[in-house]
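The chain contents come next:
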Amino acid sequence: MSPGEYAILALALLVGSGLQGSIGFGAGLVAAPVIALVRPDLLPSLVVCSALVITTVVTIRERSELDLKGAAWALAGRIPGSVLGAWMVVAISTVALSWVVALSVLLGIGSAFLGWRPAPTRRLLVGAGALSGIMGTATSIGGAPMAIVWQGQEPARLRGTMSAFFLVGSSASMLLLAAAGAVTSQSLVAFAWLVPFVLAGVGLSRLFNRMLDAARLRIVALVVSAGGAVLLAVRLLLPV
């Protein structure tokens, strides 16, 4: 990895980690596109390794605010959703699936901006968890469904619960990637060099958290979710 590549990846992970440390998700939305352009051979293991560190730190930091029951119901949907997402990648056109995901997220975000605030019932949490698993496996954008369902939570509760949810999901992904031989020595070495910037980003998120009340956090989470869907649509319209 050249010094220029290192600097670019370090900045992307610093910003992405700071964002996820503040709103509970978003590191992949920021870092994955940059990594794909600079060092695509490091995907997806570098993002997953970084997510494991971020979610572990934030879950511990916000442990007193965790909604364990809510996270458990969401995970009940996430696991079968991940399996279904893996099957859909094989059975359905990637382009068609990506368009469905992008348009569904934008529809949900638009509804949320118009005042839709779904109550996080058990059924809705399981459904959102399943959709997150499908989207995360098929397109690497899995935070939006949970952000919509949990948009009314207090900032610390949202960060903690989202982090606990994605900690389990990232752990499962890491195990599956390792079993498939997708965790390369190059990605692990790169992660070892870049992990200080991941930790620094999580540390900086404390400063951001002081500026985010519940209303501002809701807006940031929805905007980031919409940005991920728009990014996906742009990639579909302008394939590399």
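Residues numbered from 1 in each chain as written. Predicted model: local features only at pLDDT ≥ 70, side-chain atom pairs only at ≥ 80, totals over all residues. Heavy atoms only, no water.

Draft legend 1. Geometry of the packing of helix H1 (residues 3–23) against helix H2 (residues 27–38). Close contact between H1 and H2 brings their axes to 7 Å; oriented N to C, the two are set at 165 degrees. Comparing the axis directions of H1 and H2 gives the class roughly antiparallel. By crossing handedness, the relation of H1 to H2 is classed as left-handed. Contacts from Glu 5, Ile 8, Leu 9, Ala 12, Leu 13, Val 15, Gly 16, Ser 17, Leu 19 and Gln 20 in H1 reach Ala 27, Gly 28, Val 30, Ala 31, Val 34, Ile 35 and Val 38 in H2. Classifying every residue of the contact of H1 with H2 gives twelve nonpolar, four polar and one charged. (Axes fitted to C-alpha atoms, helices over the stretch in contact; angles between N-to-C directions. Helix = DSSP H or I, 4+ residues; strand = E, 2+ residues; numbered from the N terminus. Parallel < 35°, antiparallel > 145°, perpendicular 65-115°, else oblique. Left-handed = near helix turned anticlockwise from the far one by under 90°. Contact = heavy atoms within 4.5 Å. Nonpolar A, V, L, I, M, F, W, Y, C, P; charged D, E, K, R; others polar.)

Draft legend 2. Fine view of a nonpolar patch on the surface. Nonpolar side chains collect at one region of the surface, where Leu 103, Leu 106, Val 230, Val 234, Leu 237 and Leu 238 lie side by side and expose about 550 Å² of accessible area between them. Elements with a contribution of two residues or more to the nonpolar patch: helix H5 (94–113) and helix H10 (214–237). A total of three residues in the nonpolar patch trace back to one element, the largest contributor, which is H10. The topology assignment puts Val 230 in helix H10. (Patch = residues over 30% accessible without salt bridge, like charges linked within 9 Å, V, L, I, M, F, W, Y side chains within 5 Å. Areas by Shrake-Rupley, 256 points an atom, 1.4 Å probe, with all protein chains shown as cover. Salt bridge = Lys/Arg side-chain N within 4 Å of Asp/Glu carboxyl O.)

Draft legend 3. Fine view of the packing of aromatic side chains. Here the structure, examined in full by the defined rule, presents three aromatic pairs. Taking the centre distance of 6.2 Å and the plane angle of 80 degrees together, the rings of Trp 150 and Phe 165 count as edge-to-face. Of this pair, Trp 150 sits in the loop between helix H7 (144–149) and helix H8 (155–179) while Phe 165 sits in helix H8; the two residues are 15 residues apart in sequence, bridging distant segments of the chain. By the burial criterion, Trp 150 is buried, and Phe 165 matches it. With centroids separated by 4.9 Å and ring planes inclined at 75 degrees, the aromatic side chains of Phe 165 and Phe 166 adopt a geometry described as edge-to-face. Residue classification places Phe 166 among the buried positions, given a relative accessible area of 10%. (Phe/Tyr/Trp six-rings, centres within 6.5 Å; stacked < 30°, edge-to-face > 60°. Buried < 20%, exposed > 50% of the residue type's maximum accessible area, 1.4 Å probe, protein only.)

Draft legend 4. Highlighting H1. With 21 residues, H1 extends 30 Å between its outermost C-alpha atoms, agreeing within 8% with the 30 Å of an ideal straight helix rising 1.5 Å per residue. All of the buried residues in H1 are Leu 9, Ala 10, Ala 12, Leu 13, Gly 16, Ser 17, Gly 18, Leu 19, Gln 20, Gly 21, Ser 22 and Ile 23. Two residues or fewer after H1 comes Gly 24, characterised by a positive phi angle close to 95 degrees. (Expected span 1.5 Å × (residues − 1).)

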